[in-house]
Amino acid sequence: MQESFKPTSKWRGINSLPLKVSLSYFLISALYIFFSDRLLALFVPSMELYQQAQTYKGWGFVVVTTLLLYFVLSREQREIQQVTQKLEAERFHLQNTLEELEAAYQGMRELAKR
């Protein structure tokens, strides 16, 4: 049994991937910033080391979020490619069916002329 194609609107509410990614990013970022600042304040004695640790912490955050975004977008791209391949196969199937119907119609017209 073939899956039916159901078009969706641009805005899919809470099931929207961009919304899920954005909310997750916001939550993780806020928690990371809050707790990492507290930990640095506890374990780093001097202001100079604290500022240096903040810089490393910031760069680490940028690298980690960039990698996460890459993996999310890669997954979405693979899904889009799979859907595109399925649509192309369906288009090919429909084109063949149309050609068969046209041939059958021509055959019926020839029979009707006789």
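Rules behind the numbers
Residue indices begin from 1 for each chain and proceed along its sequence in written order. Per-residue local features of the predicted model are confined to residues with pLDDT of at least 70, and side-chain atom pairs are confined, for both listing and counting, to 80 or more; whole-chain, interface and lining totals are unaffected and use all residues. Side-chain numbers here rest on the full set of heavy atoms in the structure, without hydrogens or water. Working definition: helices are DSSP H or I runs of at least four residues, strands are E runs of at least two. Numbering for both runs from the N terminus. Between buried and exposed lies partly exposed: a residue is buried under 20% and exposed over 50% of the maximum accessible area for its type, with that area taken using a 1.4 Å probe on protein chains only. Where accessible areas are quoted, they stem from the Shrake-Rupley method and a 1.4 Å probe; at the residue level, only the protein chains shown are allowed to cover. For this analysis, a salt bridge means a side-chain nitrogen from Lys or Arg found within 4 Å of a carboxyl oxygen belonging to Asp or Glu. Only centres within 6.5 Å qualify two rings of Phe, Tyr or Trp (six-membered ring in Trp) as a pair; their planes then separate them into stacked at under 30 degrees, edge-to-face at over 60, and tilted for everything else. Each patch is built from residues lacking any salt bridge and having more than 30% relative accessible area; the joining distance is 9 Å for like charges and 5 Å for nonpolar side chains (Val, Leu, Ile, Met, Phe, Trp, Tyr). As a rule, the C-alpha atoms of each element are fitted with a line to give its axis, helices using only the stretch in contact, and angles between N-to-C directions run from 0 to 180 degrees. The cut-offs work like this: below 35 degrees is roughly parallel, past 145 is roughly antiparallel, 65 to 115 is roughly perpendicular, and the gaps in between are oblique. What makes a crossing left-handed is the near helix being turned counterclockwise from the far one by less than a right angle; a clockwise turn instead makes it right-handed. We call two residues in contact when some of their heavy atoms are within 4.5 Å. Classification used: nonpolar for Ala, Val, Leu, Ile, Met, Phe, Trp, Tyr, Cys and Pro, charged for Asp, Glu, Lys and Arg, polar for all others including Gly.

Enquirer: For this particular structure, what's the right way to read the overall build of the protein chain?
Expert: Along the backbone of the protein chain there are two helices and zero strands. Burial statistics for the protein chain: of 114 residues in total, 11% are counted as buried. For the protein chain, the computed accessible surface area is about 10500 Å², with 66% contributed by carbon and sulfur atoms.

Enquirer: What is the right way to read the pattern of salt bridges from this model?
Expert: Opposite charge on two side chains lets them pair, provided their charged atoms get close. In the structure shown here, the tally under the stated rule is four salt bridges. For Glu79, the salt bridge is made with Arg75, and the minimal N-O distance between the two is 3.6 Å. Pair noted here: Glu79 and Arg75 are both in helix 2 (residues 47-113), with a separation of four residues, about one helical turn. What makes Arg75 partly exposed here is its relative accessible area of 38%. Within the structure, one salt-bridge network assembled from shared partners comprises Arg75, Glu76 and Glu79.

Enquirer: Can you help me understand the packing of aromatic side chains in this one?
Expert: Two numbers describe a pair of aromatic rings. These are the distance of the centres and the angle of the planes. Tallied over the full model, the rule gives four aromatic pairs. Taking the centre distance of 5.1 Å and the plane angle of 20 degrees together, the rings of Tyr32 and Phe61 count as stacked. On the criterion of sequence distance, the pair formed by Tyr32 in helix 1 (residues 17-43) and Phe61 in helix 2 is long-range, its members being 29 residues apart. With relative accessibility at 32%, the residue Tyr32 sits in the partly exposed group. Each ring, one from Phe34 and one from Phe35, has its centre 5.0 Å from the other, and the planes form 80 degrees; the classification is edge-to-face. Among the residues examined, Phe35 registers a relative accessible area of 48% and is labelled partly exposed. Taken together, the ring pairs in this structure connect Tyr25, Tyr32 and Phe61 into an aromatic cluster.

Enquirer: I'm lost on a nonpolar patch on the surface in this one. Help?
Expert: A cluster of nonpolar side chains, namely Leu27, Leu31, Phe34 and Phe35, defines an oily patch on the protein surface of about 390 Å² accessible area. Looking at Phe34, the relative accessible area reads 39%, which means it is partly exposed.

Enquirer: What is the right way to look at the packing of helix 1 against helix 2 in this model?
Expert: Packed helix pairs are characterised by how far apart their axes lie and by the angle those axes make with each other. At a closest axis distance of 11 Å, the pairing of helix 1 and helix 2 adopts a crossing angle of 160 degrees. Accordingly, the angle class assigned to the pair helix 1 and helix 2 is roughly antiparallel. Two packed elements cross with a definite hand, and for helix 1 against helix 2 that hand is right-handed. Across the interface between the two elements, Leu17, Val21, Tyr25, Ser29, Tyr32, Ile33, Ser36, Asp37, Leu40 and Ala41 of helix 1 pack against Tyr50, Ala53, Gln54, Lys57, Phe61, Thr65, Val72, Arg75 and Glu76 of helix 2. Here the residues of the contact of helix 1 with helix 2 are counted per class, giving eleven nonpolar, four polar and four charged.

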